[in-house]
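Secondary and tertiary structure notes
One letter stands for each residue in the lines below.
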Amino acid sequence: MANYFLKTPFSEEEVRQLKVGDIVHFDGTLFGIRDLTQIYMVDQNHEPPVSLEGMPCIHTSPSLKKVGDRWEPICVGTTTSVRMDRYSPLLIEKYGVRAIIGKAGLYEDSLKAMEKFGAVYLAIVGGAAALETRQIEEVEAVYWEHLHPEALYQFRVKDFGPLTVAMDTHGNHLYFDVKARAKQRLPEIYKKLGVV
Amino acid sequence: MSDFDYTLVEETGKQLYVRALCDLPPDVRRALAHAYEKESQPGAKEIFKTMLKNVDVADGKKTLICQDTGLPIYMVKIGSGFNWDGAEVKERLTEGAVRATREYPFRGSSTHFLTRVNPQTSVGERLPVFYFDFVKDADCLEILMVPKGSGSENMSKMKMFIPADGINALKKFVLDTVIESGANPCPPGIIGVGMGGTSDLVTRLAKEAIARPVGQRNPDPDVAEMEIELEDAINATGIGPMGLGGDITTLAVHIETAHTHITLNPVAVNTQCWPARRARAKVYPDGSVEYGY
Ligand code: SF4
């Protein structure tokens, strides 16, 4: 387990050095996306109005407050990623996204895209929205505002993390590994519990 | 009818929702701190540290612990020593939940099941969820408020086994459900288990089980022993905090039980996330309110 401190945009090289179990913090730009954002972008063919090249994207539907023409974060948390699995390979391949941040992970096709194009999945501590919100310095832009709270958000973050590398560019998938190990231990656990 | 002012119940209903979302109960904090101490894997330890830090940040800034403000559940115990107007209590608590949502303000999650329209009130048809119970030799109204987020609620499961399957089938079911849930319910939380009753009662028992303070054992020693056995079994899976691997996968297993039919053998699991949020209040006939967890 290694600790990394990165700055956005991430280079392919930086991302490829990461291995599952490593801990990452970073400074810079973070894009917020959710189900609707990606339906609009991918299924309905709307080109993002800003480049996502080298950037991290987080699965969120933030609570924001509009003060004048500025947005202030009230509560920004992270949602379960699996619902958005089918969009992830495209984000990586077509738009050059280097990290997807969420909870509970993505499936095989995303893992393959990560290996091929150089991207990682970073697991955040779910439910820790108070801390996450504090790490957001500014809401720099809200694109596709009509989709709010599932628009495309550009945040500036400081010391964002800790994030655990849960899917890397070497084909490793921490959630799969942990589950497989649990299943392996199961006969022993059943025996001890006296249920077999 | 007495001249009790029920706006107090409304205010309490509102306060309870906000308190539950911002102030994690001391027993849950202790359990997380203990988990941090005990955890041997460095990655998992870092996660526990972050959870504890998050609770502190929420304290300091009086902000939400988690963004999912959930669906409101009010578990109400009505003391028989005072002439409480139950219908009024229900209406006022509902209004309290609406006011919490609008006045705090936070994102409401209640949605019409068909149109999926969100009224941004946290309530709606048959919401909040209410449990009413009655207590002798008490004059107060005891209200326990539990906000239930979707990540953990989505992992709920119920099954009707047959008596021949015995208690072992129920234990195995609990363990298998936790493994299947993996990272989704933001482990390590409270695993609430219902055993016995009917299909509806067993599900309700599992929900009551998650609302118990962490580690408070079932008074029946046989059931308490089963709670410990299941905790050990679940922690032996190594699923760990956030499903990323570690020694601690659950803070506690709580089991609630009921008599069942001679030919029934039901079990239900309800998972509560690591921020096992709840808040309690006792409202007295003289208009005083005592807040707790
Ligand atoms: S599962 Fe619980 S802790 Fe995790 S995001 Fe949902 S409500 Fe919050």
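Everything that follows concerns the structure shown earlier in this document.
Not measured: the values here are computed from a predicted model.

Turning next to the overall build of chain A. Counting secondary structure elements, chain A contains six helices and nine strands. Relative to the globule expectation of 16 Å for 196 residues, the C-alpha radius of gyration of chain A, 18 Å, shows essentially globular dimensions. Across its three principal directions, the C-alpha atoms of chain A cover 65 × 35 × 35 Å. A buried classification covers 61% of the 196 residues belonging to chain A. Of the roughly 8100 Å² that chain A leaves accessible, carbon and sulfur atoms contribute 49%. Taking the average location of the 23 positive side-chain charges in chain A and that of its 26 negative ones, the two points are 7 Å from each other.

Glancing now at helix H3 (residues 88-95) of chain A. All names here are of chain A. Turning to H3, its buried residues number three or more, namely Ser-88, Pro-89, Leu-91, Ile-92 and Tyr-95. At its buried positions, H3 is contacted by strand S2 (23-33), helix H2 (35-43), strand S6 (99-102) and helix H4 (108-117). Gly-96, located one to two residues past H3, shows a positive phi value of around 70°.

Attention shifts here to the side chain of Asn-218 of chain B. Residue and element names in this part refer to chain B. Tracing the chain through its elements places Asn-218 in the loop between helix H7 (199-210) and helix H8 (221-235). For Asn-218, a relative accessible area of 8% gives the class buried. Separated by 2.9 Å, the side chain of Asn-218 and the backbone nitrogen of Asp-220 make a polar contact. A distance of 2.8 Å separates a polar atom in the side chain of Asn-218 from the backbone oxygen of Ile-255. If near-sequence neighbours (up to four positions away) are discounted, Asn-218 is found in contact with Arg-212, Val-223, Ala-224, Glu-227, Ile-255 and Glu-256.

All names here are of chain B. In space, the five strands of this open sheet follow the order S2-S1-S3-S8-S9, with mixed pairing throughout. The open sheet has two free edges, formed respectively by strand S2 (129-135) and strand S9 (289-292), since each of these has just one partner strand. Averaged over all neighbouring strand pairs, the angle between strand axes comes to 15°, with direction disregarded. Sheet topology note: the strand S1 (residues 71-79)/strand S3 (residues 141-148) ladder contains eight bridges and is antiparallel. Its bridge partner being in S3, Ile-73 is matched across the sheet by Val-146.

Calculation notes
- In this convention, every chain numbers its residues from 1, walking through the sequence in written order.
- Lettering for chains starts from A, numbering for ligands starts from 1, and both go in the order in which the items are written.
- Side-chain atom pairs in this predicted model are given and counted only at pLDDT of 80 or more, local residue features only at pLDDT of at least 70, and totals for whole chains, interfaces and linings cover all residues.
- No hydrogens and no water enter the side-chain calculation; it runs on all heavy atoms of the structure.
- Each helix corresponds to a stretch of at least 4 residues labelled H or I by DSSP, and each strand to a stretch of at least 2 residues labelled E; elements are numbered beginning at the N terminus.
- It is over C-alpha atoms that the radius of gyration is taken, and the globule rule equals 2.2 Å times the number of residues to the power 0.38.
- Buried means the residue's accessible area, taken with a 1.4 Å probe over protein chains only, is under 20% of the maximum for its type, while exposed means over 50%, and partly exposed covers the values in between.
- In short, Shrake-Rupley with a 1.4 Å probe defines the accessible areas, and a residue's cover is counted only from the protein chains shown.
- Under this rule, positive means Lys or Arg and negative means Asp or Glu; His and the chain ends count for nothing.
- Note that the charge is assigned to NZ on lysines, CZ on arginines, CG on aspartates and CD on glutamates.
- Any two residues whose heavy atoms approach within 4.5 Å are treated as being in contact.
- N or O atoms within 3.5 Å of each other form a polar contact, as long as, within protein, one can give a hydrogen and the other can take it, and as long as residues adjacent in sequence are counted only when both atoms are side-chain atoms.
- Only strands joined by at least two bridges in the DSSP assignment are considered to pair.
- Interaxial angles span 0 to 180 degrees and are taken between N-to-C directions of axes, which are lines fitted to C-alpha atoms, for helices over the stretch in contact.

So, to be careful, I would describe these as geometric facts and stop short of saying anything about function.
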